[in-house]
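The lines below spell out each chain.
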Amino acid sequence: MHAVAAVVVTVLALAGCTGDSSPDESEVVASGTPVPEVSAPDSSRSPEVDEAPSVAAPTSAIVATATDSSVDVYDAPDGNLVSTVAAEDVLTVPDQTPLTFLVQDEDASGEWVQVHLPIRPNGSTGWISVDSVTLGSTTMRIEIDLDDFELTVHDGEDVVLESAVGVGRADRPTPGGVYYIRELLQPPNPDGVYGPYAYGLSGYSPVLDSFAGGDAVIGIHGTDEPDSIGTLASSGCIRLPNDAITELVTEVGLPLGTPVYVS
């Protein structure tokens, strides 16, 4: 296993960082302080993972990390090229965070994997060649229950963290679905609207095209409004208490590609 260092970002524009369309701190200025290292998926692959069932999430997942700054996406193994996903289009710091995908399926030849894509619309998938990525695995996953305002982090069958959360308002809901962690960000002001850390997810607001000068990306982050935990308060992001997001980053540690199941 190796580690991938993420750094402080120049702009953080997550969709649900505040309940208002113009947050008090929509721009984050780089301070040069590195984020604690984000572990990469285990390079020893686990057995093939089936598509996530509707009742229980799988206890392990395969993660594909691009070997270049972009990956070509096809409609089927050996099929037609339909798009190219580039790090500069989907990552805040594309030169310092690897382009990562959560694997949904593999073809019989082992030469192609079907992956969740960090693009609109939510739920987009496509096939990529294994020659363009490094495959690894993780036993970590996050499950978020919107009705109960609860986030649970699992390592295999073990629960390693539980916390109440704040979620999207009725007019700016947190979208349900299967997502994954695509980057870890650290605002220079730990007492700001995003708290000390923010995970950018592969999903987007279903009702906002943009937010705070950027695309309306869904994230999991801290908050400067602790009373909003347990309520419908954000514009789509998941808010954690600052001590919980800090524990998640500095003690639990989640690799890029960690699946996030929102129900």
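About the cut-offs
Residues numbered from 1 in each chain as written. Predicted model: local features only at pLDDT ≥ 70, side-chain atom pairs only at ≥ 80, totals over all residues. Heavy atoms only, no water. Core = buried A, V, L, I, M, F, W, Y, C linked by side-chain atoms within 4.5 Å. Buried < 20%, exposed > 50% of the residue type's maximum accessible area, 1.4 Å probe, protein only. Helix = DSSP H or I, 4+ residues; strand = E, 2+ residues; numbered from the N terminus. Contact = heavy atoms within 4.5 Å. Salt bridge = Lys/Arg side-chain N within 4 Å of Asp/Glu carboxyl O. Phe/Tyr/Trp six-rings, centres within 6.5 Å; stacked < 30°, edge-to-face > 60°. Pairing = 2+ DSSP bridges. Axes fitted to C-alpha atoms, helices over the stretch in contact; angles between N-to-C directions. Patch = residues over 30% accessible without salt bridge, like charges linked within 9 Å, V, L, I, M, F, W, Y side chains within 5 Å. Areas by Shrake-Rupley, 256 points an atom, 1.4 Å probe, with all protein chains shown as cover. Lys, Arg positive; Asp, Glu negative; His and termini not counted. Charge placed at Lys NZ, Arg CZ, Asp CG, Glu CD. Polar contact = N/O pair within 3.5 Å; in protein donor to acceptor, adjacent residues only side chain to side chain.

K.L.:
Quick one: what's the story with the nonpolar core, residue by residue and with numbers?
P.N.:
Of all hydrophobic cores here, the largest spans 27 residues; its most connected members are Ile 142, Ile 144, Leu 151, Tyr 199, Ile 220 and Val 260. Among the elements that make up this core, the one with the highest residue count is helix α2 (residues 242-252) (four residues). Among all residues touching Val 260, those that are not within four sequence positions of it are Ile 142, Ile 144, Gly 177, Val 178, Tyr 179, Tyr 180, Ile 181, Leu 201 and Ile 220. Within the second largest apolar cluster, 24 residues are counted, among which are Ala 64, Val 130, Leu 135 and Tyr 180.

K.L.:
Explain the pattern of salt bridges residue by residue, including any values.
P.N.:
Using the criterion set out here, one finds four salt bridges in the structure. Arg 120 is the partner of Asp 215 in a salt bridge, and the nearest nitrogen-oxygen pair spans 3.0 Å. Here Asp 215, found in strand β17 (residues 214-215), pairs with Arg 120, found in the loop between β7 (112-116) and β8 (125-129); they are 95 residues apart in sequence, far enough to count as distant.

K.L.:
I'd like to hear about the packing of aromatic side chains, residue by residue, with values.
P.N.:
Going through the model one piece at a time under the given rule, you end up with one aromatic pair. With a centroid separation of 5.2 Å and an interplanar angle of 80 degrees, the aromatic rings of Tyr 74 and Trp 112 are classed as edge-to-face. Here the residue Tyr 74 occupies a position in strand β4 (residues 70-74), and Trp 112 occupies one in strand β7, the gap between them amounting to 38 residues.

K.L.:
Before we move on, can you summarise the sheet that holds strand β11 (residues 150-155) with the specific residues and values?
P.N.:
The strand order across the open sheet formed by eight strands is β12-β11-β10-β21-β14-β15-β18-β20, and the pairing between neighbours is mixed. Both edges of this open sheet fall to β12 (158-164) and β20 (238-239), since each of them pairs with a single strand only. Here six bridges tie β11 to β12, and the two strands are oriented antiparallel to one another. Along β12, the bridge assignment pairs Thr 152 with Glu 162. Each of β10 (140-145), β11, β12, β14 (177-185), β15 (198-204) and β18 (217-221) is contacted by α2, which is oriented at about 155 degrees to β12, the strand it contacts most.

K.L.:
Give a description of a negative patch on the surface that names residues and reports values.
P.N.:
Taken together, the side chains of Asp 147, Asp 148, Glu 150 and Glu 162 make up a negatively charged region of the molecular surface. Among the secondary structure elements, Glu 162 is positioned in strand β12.

K.L.:
How would you summarise the environment of Ile 218 if you had to cite specific residues and measurements?
P.N.:
If you trace the backbone, Ile 218 turns up in strand β18. Owing to a relative accessible area of 4%, Ile 218 belongs among the buried residues under this scheme. Ile 218 sits 13 residues away from Ser 205 along the chain, and the two C-alpha atoms are 6.2 Å apart.

K.L.:
Which residues make up the environment of Glu 143, and what are the values?
P.N.:
When you line up the elements, Glu 143 lands in strand β10. Glu 143 gets classed as partly exposed once you look at its relative accessible area, which sits at 26%. As for Glu 143 and Ser 263, which are separated by 120 residues in sequence, their C-alpha atoms are 7.8 Å apart. With sequence-adjacent residues up to four places away left out, Glu 143 is seen in contact with Ala 57, Glu 150, Leu 151, Thr 152, His 154 and Tyr 261. Polar side-chain contacts of Glu 143 include one of 3.0 Å to the side chain of Arg 141.

Limitation: the analysis is restricted to geometry and does not speak to function.
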